[in-house]
Amino acid sequence: MAPLLRIQNLTTEFTSDGTTTRAVKGISLVLHKGETVGIVGESGSGKSVTSLSVMRLIASPPGKIASGEIFYHNRQGQEIDLLKLPEQEMRKYRGNEIAMIFQEPMTSLNPVFTCGYQVLEALQLHKQLDKKSAKAQTIELFKKVQLPRPEAIFDSYPHQISGGQKQRVMIAMAMSCDPSILIADEPTTALDVTVQATILDLMRKLQQENEMGILFITHDLGVIAELAQRVVVMYKGNIVEEGPVREIFQNPKHPYTKGLLACRPPLDRKLNKLPVVGDFMKEVEGNS
Ligand SMILES: Nc1ncnc2c1ncn2[C@@H]1O[C@H](COP(=O)(O)OP(=O)(O)OP(=O)(O)O)[C@@H](O)[C@H]1O
Ligand SMILES: [Mg+2]
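These numbers were taken from a predicted model, which means no experiment stands behind them.

Caption draft 1: Here's a closer look at the site of ligand 1. As a structural note, the neighbourhood of ligand 1 is formed by 14 residues, with A23, S43, K47, S48 and V49 the closest of them. Tallying contributions element by element places helix α1 (residues 47-54) first for the shell around ligand 1, with three residues. Across the shell around ligand 1, the residue classes break down as five nonpolar, eight polar and one charged.

Caption draft 2: Focus on α1. By the criterion of burial, α1 is predominantly enclosed, with eight of the eight residues buried. The set of residues buried in α1 consists of K47, S48, V49, T50, S51, L52, S53 and V54. Count one or two residues on from α1 and you reach R56, which has phi positive near 55°.

Caption draft 3: Up close: the packing of helix α4 (residues 115-127) against helix α7 (residues 163-175). Here α4 crosses α7 at 15°, and the two axes come no closer than 9 Å. As the angle between them shows, α4 and α7 are arranged roughly parallel. Where α4 crosses over α7, the two elements pack in a sense that is right-handed. Residues C115, Q118, V119 and A122 of α4 lie in contact with α7, whose contacting residues are V169, A172 and M173. A breakdown of the residues in the contact of α4 with α7 according to their chemical character gives six nonpolar, one polar and no charged.

Caption draft 4: Quick look at the domain arrangement of the chain. Each assigned domain of the chain is listed with its residue range as follows: domain 1 (5-97 + 181-280) and domain 2 (106-176). The distance between the C-alpha centroids of domain 1 and domain 2 comes to 25 Å. Facing the eleven residues of domain 1 at the interface are twelve residues of domain 2. Residue contributions to the side of domain 1 that touches domain 2 peak at five residues, all from helix α8 (residues 193-210).

Caption draft 5: Broad picture of the sheet that holds strand β10 (residues 238-244). Read from one edge of the open sheet, six strands run β6-β7-β8-β3-β9-β10, paired in mixed fashion. Looking at strand neighbours, the two that pair on one side only are β6 (98-101) and β10, the edges of this open sheet. Within the sheet, the average angular offset between the axes of one strand and its neighbour, ignoring direction, is 15°. In this structure, strand β7 (residues 181-185) lies alongside strand β8 (residues 213-217), joined through five bridges in parallel fashion. Residue pairing across strands places D185 opposite I217, the latter belonging to β8. Of the strands in this sheet, β6 and β7 touch α7, which is tilted by about 175° from β6. Together, β3 (36-41), β9 (230-235) and β10 form the strand contacts of helix α11 (residues 255-262), whose direction differs from that of β9 by roughly 110°.

Caption draft 6: Main features of the pairing of strand β4 (residues 63-73). As defined by bridge partners, strand β1 (residues 5-16) adjoins β4 across eight bridges and the pair is classed as antiparallel. In the strand pairing of β4, T11 is matched with S67. The pairing of β4 with strand β5 (residues 79-81) spans three bridges and is antiparallel. Along β5, the bridge assignment pairs F71 with D81. In textbook terms, the turn of a hairpin is the stretch between consecutive antiparallel strands, and for β4 and β5 this stretch comprises five residues, one of which, G77, has a positive phi near 85°.

About the criteria used
Residues numbered from 1 in each chain as written. Chains lettered and ligands numbered in written order. Predicted model: local features only at pLDDT ≥ 70, side-chain atom pairs only at ≥ 80, totals over all residues. Near = placed C-beta within 6 Å. Helix = DSSP H or I, 4+ residues; strand = E, 2+ residues; numbered from the N terminus. Nonpolar A, V, L, I, M, F, W, Y, C, P; charged D, E, K, R; others polar. Buried ≥ 20, exposed ≤ 12 C-beta atoms within 10 Å, placed from the backbone. Axes fitted to C-alpha atoms, helices over the stretch in contact; angles between N-to-C directions. Parallel < 35°, antiparallel > 145°, perpendicular 65-115°, else oblique. Left-handed = near helix turned anticlockwise from the far one by under 90°. Contact = placed C-beta atoms within 7 Å. Domains from an automatic or database assignment. Pairing = 2+ DSSP bridges.

Have a look at this one:
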């Protein structure tokens, strides 16, 4: 069976003042049904640009998907190239079959509407529900993501709730249409550890319910170890290493991955100086 998502040679670039820089340089990756693939990599390595490219949300200009294909195996069993769809068609998939939790909550929550209204609207749009059932389902979703006092949050504006609560509203919104693919861009980085654990549990549960494929972007290798089956390591717009999580963690090949793993402070001993990725990159820089 065709994978849920198949990215082929994706290149995305940005142009400013006549200079074009490639943020993603011909990457390929696949995601299967029910699978979680972690994407790790240092800041600026192209993780968000990759996910925004899949959603076709790269602002143009200055951005542009310069080449590549992004095949999605839709619910009708067809494999379609998202990049070839007219925008009108793409809208049927975006948020509905392919949902995203954005790195920055305020990117997807509109400050002038209540949290409840925003999820309700998404439900009405994608599931053609009447207002009453959409409201009931929204409250139900808020309970699922363990928001305290879901009725009160329904009527709150984004600025009236905490960062962790906003994140959970976004997760509720992303989950509202039972997407086949969930792209989660650092969904828990801003949360404290206990809330993070709850959210990860929740995502796992929801994934089991409908065999959703998850692309999980994070800096946190601990989260990857807990959630993902495979991991993709990005560095400067390239995928430099990928494989089953255990294999990569036990036997990292690329100097950047070695560095990333070594940068986790060891639990059992004290270091005089914490290593930085640069300490491990001399080999790579020397070769390129
Ligand atoms: N709108 C934009 N205009 C110009 N350059 C951009 C834009 N968005 C991203 N870039 C560039 O693309 C590169 C990759 O950015 P991206 O946001 O994908 O990084 P990231 O891996 O998600 O980093 P982080 O971990 O900090 O979120 C960066 O060098 C960034 O400067
Ligand atoms: Mg990012």
